[in-house]
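An overview of the molecular structure
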Amino acid sequence: MNEQTESLSEKLLQRAAPGRVDFEDMVVVPVFAVIVALILGAVAMLATNVDLATIGRSYVALVVGSVGSVNAISETLTAATPLVLASLGMAVGFRAGLFNIGAEGQLLIGGMAAVIVGFSFAGMPTYVHLPLALIAGAVAGGLYAGIAGWLRAATGAHEVISTIMLNLMSYRLVDYILRLPVVQREGRADPISRSVLDSAELPRLLEWIDPNLRLHSGLFVMLVAVFLVYWLLFKTTFGFEFRASGANPEAARYAGMRSGLIIVIVMVFAGAMAGLAGANQTLGVLGRATPGFSAGIGFDAIAVALLGRSHPVGVLMAGLLFGALEAGGRQMQVDAGVSIDLIAIIQALIIVFIAAPLLVRKIFPWGFQKETRAGKE
Amino acid sequence: MAKTMNPIDAQARKLDTAKVRQARNTGVILICLSVLVAYVFAFGTSGGDAVFRLSRPNDPWAAPNLVVPAMAFSYIAAAVLAFLGARQFMRGGVKWTGLSMGFGLLLAVAAFLVWATAGKSFSLTGMLQATVVRAVPIALGGLAGVLSERVAVVNIAIEGMLLAGAFTGALVGSLLGGFGGLAAAVAVGGLFGFILAALVVTYRVDQIIAGVVINLFVLGVTSYVSSQVYQEFRFLNNAPVFRPVRIPFLSDLPVIGPVFFQQNIFVYGAFIMVCVATYYLFYTRSGLRARAVGEHPQAADTLGINVYRTRYINVTVAGMVAGFGGAWFTLGSVGRFDEGMTNGLGYIGLAAMIVGRWHPFGALMAALVFGFADSMQQKLALLQTPIPSEFLAMAPYIATIILVAGLVGRARPPAADGQAYIKE
Amino acid sequence: MEVELRNITKRFGEVVANDDVNLTIRAGEVLGLLGENGAGKSTLMNVLSGLYTADEGEILINGKPVDFKGPGDSISAGIGMVHQHFMLIPVFTVAENVILGVEPTGKIDYLDLKKARLQVREINQKYGLEVDPDELIENLPVGIQQRVEIIKVLFRSADVIIFDEPTAVLTPQEVTEFFEIVKSLRDTGKAIVFITHKLHEILDISDRISVLRRGQIVGEGDPQTTTQTELAEMMVGRPVSFNVDKEPYAPADVLLDIEDLTVLRENDDVAVDGINLKVHSGEIVGVAGVQGNGQSSLIEALTGLTRVAGGTVKFNGQNITHASTRARHRMGIAHIPEDRQRMGMIADFSIAENMVLDTYYDDRFSKHRVINWPKAYKNSARVAADYDVRMTSVHDAAGNLSGGNQQKMVVARELSRETMFLIAAQPTRGLDVGSIEYIHSRIINARDEGDGVLFVSSELDEIMALSDRVVVMFEGRIVAEFDATTHPLDKNTIGLAMAGAVA
């Protein structure tokens, strides 16, 4: 090769600085989205006969309850941990072009499996029992999601419908399991499982400050998962295949990637993360399983993954935000008597605006560069 | 000169075509069903007759009870299934695959019912009546799906529109009475249809994301209001319920009368809407244009058809249909709203649309199948079968998955389904 | 009727597609609009048909300025356009397609299909177009689909008919028939605009020629006096040589050996019907044929993208009939897919990522399933410089490249590694002349280095220019074979074979 091409190729390697549009998409749009959602939340309160003073109080409570004290921060992190875990799986799915709405069910099944392992095997040391219970959760969640993945790959059944059906089935399945004699707590007629043994519990982290602080070592599991998913998506051949199949399945197929296999692997992985989130709840927070212990985390995870733009770091940030809303929302309910369901409205609104940058640009014409879209002929 | 080969040529060459493979698989499934019926239902039966009541004693023209000897029926069903399966497997009977499968499934379900009822009796007419009632929200959800997907807008938001309709129906119904509530439910459904259209058409939000977001939003708003307001003001959640309307003469017919002609306005409304939608989509100018927009929006655009407006109108109307369907949950059955009371029926409606091949009547038929699965599990729970009630409750969901997985490959969605149309 | 385009300028973002264009269209005359791909011909006509709004300039009909708010306005003004990609709805019948937008209706919006059929038959008779109004479009061959497009335009009583690259999908014989139709339309007093980049066609059919280059009218020509060479120079902006230089034909061993290959479509129709073909190392075998005669399925079978229903494929002595796409790729089979945007690249990925789209897994770029990105970046930059892919950085999204550069990127990816065989499908479709020349030279280069090349194109001129041997596919079979090294190729004979007229 001659010198000219050599120098040209050197030049081509230079990375352009991120453009203004990228910055707007990554930072400005989410910030505006949160602000608008909070304003509209206030409007919703006004519409339901909540007076202005209470609205003020509730937003103060929202902040205090999420970051105002050690306990608040502990609660925020505790709420964020399963959200981030489940939505990491969701993010990988999005990247691969799969819309897994089934995190809720996978979370239930995974959490259930973790509880069963967690109350069995008495006498096992923690360093064996706890990992085993976590793995059981991941495996169960993964297999459950794998059903939807297999159906999609083998028959073309859309994963949105099959995962929703699997969600609905998981509620009944958990009800059934909780009434099995080997699972149900002795002497109880209602569906509730035996308690997880100490050796399988995720150790609390802040007990030395105050025994009531619930933050547990699932936090580390979550942080490791964030790093792992980042590495998987952007550094490995698996991640490359996932992203390629999501961005252009046909081109991926032409490049020799096996789309069916990738669909199944991605779904199993997403399910495993959701299962881990479930295990995190049962082993770290609840200590047992009851019907509906998933508490909608699987659905909130969709929002978190969208808000985080399916990027592991973005998911972490979005998860912390939603965790804060969750923790603050509880405080809000106590202090101002405003239903925590308001948080669900705010969350939904945030995603609407995140998903519709054009809409945000229209509402806030300032703060954005004028739209210059290079069209095609 | 060479023309494309006819099927006989292809068979002579023993090509392992997709259809032959499918026929084989069908054969295997049928044989498995036959074994299941023979072993579980025939051996497992306590003997005795299964009695299906067709009429109530005070009906004008009472039909006699249908008495089926359980053991004999199971054996005959197993034998027929085995024959069908073997025939599919050996001959690769390409032509009859779908029909054999359909008939086989029907037979297996019948055998299951007979087995569960053996030695007892229950009202078949009652179950069919419940089937139709339970099919209504699914059929209307499916119809809403048909209307919007025919213009290539994927409508995951049906669930949310149903929920919004249910909520509004209860709220406004409590204040203004049934018809006021119904009108408001339709209006709010239409509003969400319009919002969905705005998001996906004008703001080009991914269609599935837009749908999911609307669902989350509606769930949030309705739950918030029920916990914030209904707790305190209970009279706001106490709407009148539409009673069944007997259609003179027709409602007296045995079986058919109670099933189709002693229902409330939601059932009649659903049937009428399905007919109107079919006429609209396939026999009118606007329908032709709507379908063109769904198949090839650019072509429609070059012919002067306003793609965006067509999508807005159809998706809004779809929302109104779903809003009407949503009112069923409150004004059509219990009169009060509960958080998340639609319980995934909107998604089952979407499945009905796929199974019904994007045709209003197809969606209605599929909805009746789901309604049947649902009402059957309810009745069976009363009959105390050895199957745990939790598993019976899963029946409609399993039916959905099987039907979608089994049929999706053969149904063809509108060509542009799910794609935004970007005009320069 | 006379239509005048005055000072039309149309921009897309930064790109100026039409720059101050003036054009007059007259009744009873065929105006040839010549220009290479990307010169702005289609944009100009889309402005005229109301699909785009011009940023500057105006349109005058019979001297009066008009304002088109959408295609509907243009249609009612009597302007009809037959698009390059047919605007037909495959699952609708001919009649439904024809009436769409101007439907005859009865009470309560009832669609009067009976009347529509009658009207279609009337037009059929008037212009001698034989089309069954009840047939579904998807069941019709492309030649007939084009007639449906013409009927559509006539049904709207257009006085100006624009044909955008109408001959791309036709056999030479169909082109002749089509020209007859165009002439008879002209003689009934219609104004015709004929858009093409094919020189001989424009000389055949036009009464007047305008040449468009980079969005500007660069010249006018009288078909009686202008030559192909002059037109080509005007179109491209520099002298163009029609000859392709290549080494003498020296085929070596058989590389690809196809026996009785049968491939089915998804609906079980036979797409490839018992094909036998051998390709040697060091030769280019051109596959000619009208689109949709099984070429795509043949390629998919050869690259392992679809199941083979019967027969065998051997490569370099090994049976690869059921080998995976990746295995074939590893053996040294390169593939330039027919639709680069859909199959050959990922628009949202960076150029570097696209450059390793099918090699990311091999030892050069990854170890234990971890990709060495710095190495991949460096390699991409080197290859891009080598293959003249014009861009600012390898980290740019591939979708931002121009069509020609996108295709060069695909070619670079496929040929920059050790290859033995190249399957090139429509490698120059929609490209400008410069890129076409470059890609041709790369393909010939591969052949000269000893690769076998299977070259599929619907452009007969291109096939005839490059191939050592030509086979013609019709309805899934090879119906004719020509050896360019022994006898010069004859366009007419090949054209007849493309239409299936072979004993």
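Just above sits the structure.
Now for a look at the structure at hand. As the structure is a computational prediction, the values presented were derived from the model and not from experiment. Starting from 1, residues in each chain are numbered consecutively following that chain's sequence as written. The naming scheme follows written order: chains are lettered A onward, ligands numbered 1 onward. The predicted nature of this model means local features are confined to residues of pLDDT at least 70 and side-chain atom pairs, given and counted, to a pLDDT of 80 or more, with totals for whole chains, interfaces and linings taken over all residues. Note: side-chain values were computed over all heavy atoms of the structure, leaving out hydrogens and water.

Some remarks on the interface of chain B and chain C
Threshold: Pairs of residues are marked as contacts when any of their non-hydrogen atoms sit within 4.5 Å. Accessible-area loss on putting two parts together, using a 1.4 Å probe and summing over both, is the definition of buried area adopted here. Should a side-chain nitrogen of Lys or Arg be within 4 Å of a carboxyl oxygen of Asp or Glu, the pair is scored as a salt bridge. Contacts described as polar in this section are N or O atom pairs within 3.5 Å, which, within protein, must combine one atom able to donate a hydrogen with one able to accept it, while residues neighboring in sequence count only if both atoms come from side chains. Each helix corresponds to a stretch of at least 4 residues labelled H or I by DSSP, and each strand to a stretch of at least 2 residues labelled E; elements are numbered beginning at the N terminus. Throughout this entry, Asp, Glu, Lys and Arg are counted as charged residues, while Ala, Val, Leu, Ile, Met, Phe, Trp, Tyr, Cys and Pro are counted as nonpolar. The remaining residues, Gly among them, count as polar.
On the chain C side, the residues contacting the 33 residues of chain B number 40 residues. Summed over both sides, the interface of chain B with chain C buries roughly 3,200 Å², with 60% coming from carbon and sulfur. Linking chain B to chain C there are two salt bridges. We note a salt bridge from C:Glu103 to B:Arg289, for which the minimum N-O separation is 2.8 Å. At the surface where chain B touches chain C, the tally comes to six residue pairs in polar contact (both at pLDDT 80 or more). When contributions to the side of chain B that touches chain C are tallied by element, the ones reaching two or more residues are α2 (18–44), α10 (265–283), α11 (285–295) and α12 (297–302) of chain B. Of the residues forming the side of chain B that touches chain C, the biggest block, seven residues, is contributed by α11(B). Taken together, the residues that form the side of chain B that touches chain C break down as 12 nonpolar, eight polar and 13 charged.

Digging into the pattern of salt bridges
As a reminder of what qualifies: Throughout this description, buried means an accessible area under 20% of the type-specific maximum (1.4 Å probe, protein chains only), exposed means over 50%, and partly exposed covers the range between.
Considering all chains together, one arrives at 43 salt bridges over all chains under this definition. Two residues, A:Glu159 and A:Arg152, come together in a salt bridge whose shortest N-O distance is 2.5 Å. Notably, a salt bridge pairs C:Arg186 with C:Asp187, separated by 3.3 Å at the nearest N-O pair. Owing to a relative accessible area of 16%, C:Arg186 belongs among the buried residues under this scheme. Look at C:Asp187 and you get exposed, because its relative accessible area is 58%. Through salt bridges that share partners, A:Glu250, A:Arg253, C:Glu300, C:Asp339 and C:Arg342 make up one connected network.

Concerning the side chain of C:Arg469
Residues and elements named next belong to chain C. As for its position among the elements, Arg469 is in strand β21 (residues 469–474). By relative accessible area, Arg469 is classed as buried at 10%. Each residue touching Arg469, except ones within four places of it in the same chain, is listed here: Tyr249, Lys278, Val279, His280, Glu283, Ile284, Val285, Gly286, Glu481, Phe482, Asp483 and Ala484.

A look at helix α13 (residues 307–334) of chain B
Residue and element names in this part refer to chain B. Threshold: Under the convention used throughout, the expected extent of a helix is 1.5 Å for every residue step, that is, one less than its residue count.
Its 28 residues give α13 an end-to-end C-alpha distance of 40 Å, which sits within 8% of 40 Å, the value for a rise of 1.5 Å per residue. By the N-cap criterion, in which a side-chain oxygen at the helix start approaches the backbone nitrogen of a residue two or three places on, α13 is capped by Asn306, the distance to Tyr308 being 3.2 Å. Looking one or two residues past α13, Gly335 carries a phi angle of roughly 85 degrees, positive in sign.

Things to note about the pairing of strand β4 (residues 56–61) of chain C
Moving residue by residue along a regular strand, the side chains alternate between the two faces of the sheet. All names here are of chain C. Defined as follows: Only when DSSP finds a minimum of two bridges between them are two strands counted as paired.
Two strands pair when backbone bridges link them, and strand β1 (residues 2–12) and β4 are joined in this way by five bridges, in the antiparallel orientation. Within β4, the position partnered with Leu5 by the bridge is Ile59. The pairing of β4 with strand β5 (residues 64–66) spans three bridges and is antiparallel. Note on β5: the bridge partner recorded for Ile61 is Lys64.

Focus: the sheet that holds strand β3 (residues 121–123) of chain B
Residues and elements named next belong to chain B. We count it as follows: Lines fitted to C-alpha atoms define the axes here, with helix axes fitted over just the stretch in contact, and angles between the N-to-C directions of these axes take values from 0 to 180 degrees.
Pairing is mixed in the open sheet, where three strands are placed in the order β2-β1-β3. Of all strands in the sheet, those with a lone pairing partner are β2 (66–69) and β3, marking the two edges. Strand-to-strand twist of the sheet, defined as the mean angle between neighbouring strand axes without regard to direction, takes the value 20 degrees. As judged from the three bridges shared by strand β1 (residues 49–53) and β3, these two strands associate in the parallel manner. Paired with Arg53 across the bridge in β3 is Ser123. In the packing of helix α4 (residues 97–117) onto the sheet, the strands contacted are β1, β2 and β3, and the crossing angle to β1 comes to about 105 degrees.

Re the pairing of strand β9 (residues 208–213) of chain C
All names here are of chain C. Burial runs high along β9: five of the six residues are buried. Where strand β3 (residues 30–34) lies against β9, four bridges are found, and the strand directions are parallel. Following the sheet pairing, Leu31 is matched in β9 by Arg208. The pairing of β9 with strand β10 (residues 216–221) spans five bridges and is antiparallel. Counted as the bridge partner of Leu212 is Ile217 from β10. The hairpin formed by β9 and β10 contains two residues between the paired strands, and Arg214 there has a positive phi angle of roughly 45 degrees.

Looking at the side chain of B:Thr168
Residues and elements named next belong to chain B. In this structure, Thr168 sits in helix α6 (residues 158–176). Among the polar contacts made by the side chain of Thr168, one reaches the main-chain carbonyl oxygen of Ala164 at a distance of 2.6 Å. Not counting the four nearest positions on each side in its chain, Thr168 is found in contact with Gly173, Gly181, Ala184, Ala185 and Val188.

Observations concerning the interface of chain A and chain B
In this complex, chain A contributes 44 residues to the contact, which on the side of chain B involves 42 residues. Summed over both sides, the interface of chain A with chain B buries roughly 3,700 Å², with 79% coming from carbon and sulfur. Broken down residue by residue, the surface that chain A buries against chain B is led by A:Ile161, A:Met165 and A:Arg172, which jointly contribute 16%. The interface formed by chain A and chain B includes zero salt bridges. Summed over the shared surface of chain A and chain B, the result is six residue pairs in polar contact (both at pLDDT 80 or more). Secondary structure elements with two or more residues in the side of chain A that touches chain B: α2 (20–47), α6 (126–155), α7 (159–178), α12 (297–307), α14 (341–355) and α15 (357–363) of chain A. Ranked by residue count, the leading element in the side of chain A that touches chain B is α7(A), at 12 residues. Considered class by class, the residues forming the side of chain A that touches chain B number 31 nonpolar, seven polar and six charged.

What about the packing of aromatic side chains?
To keep things clear, this is the line we draw: For Phe, Tyr and Trp, where Trp contributes only its six-membered ring, two rings pair if their centres lie within 6.5 Å, and the inter-plane angle classes them as stacked under 30 degrees, edge-to-face over 60, or tilted in between. Think of it as a cone above the ring: NZ of Lys or CZ of Arg counts as a charge over the ring if it is within 6 Å of the ring centre and within 35 degrees of the ring normal.
Within the structure shown, the criterion is met by 29 aromatic pairs over all chains. Centroid distance B:Phe52 to B:Phe122: 5.6 Å. Interplanar angle 75 degrees. Geometry classified as edge-to-face. Remark: B:Phe122 occurs in strand β3 and B:Phe52 occurs in strand β1; sequence separation between them is 70 residues. The burial state of B:Phe52 is the same as that of B:Phe122; both residues are buried. An angle of 35 degrees between the planes, with centres 5.7 Å apart, marks the rings of B:Phe112 and B:Trp115 as tilted. Of the two residues, B:Phe112 and B:Trp115 are both situated in helix α4; the distance of three residues between them amounts to about one turn of the helix. The pair B:Phe112 / B:Trp115 is uniform in exposure class, with both members buried. In this arrangement the basic side chain of C:Lys408 is found over the ring face of C:Tyr438, its NZ or CZ atom lying 5.3 Å from the centre.

Coordinates in, geometry out; function isn't part of it.
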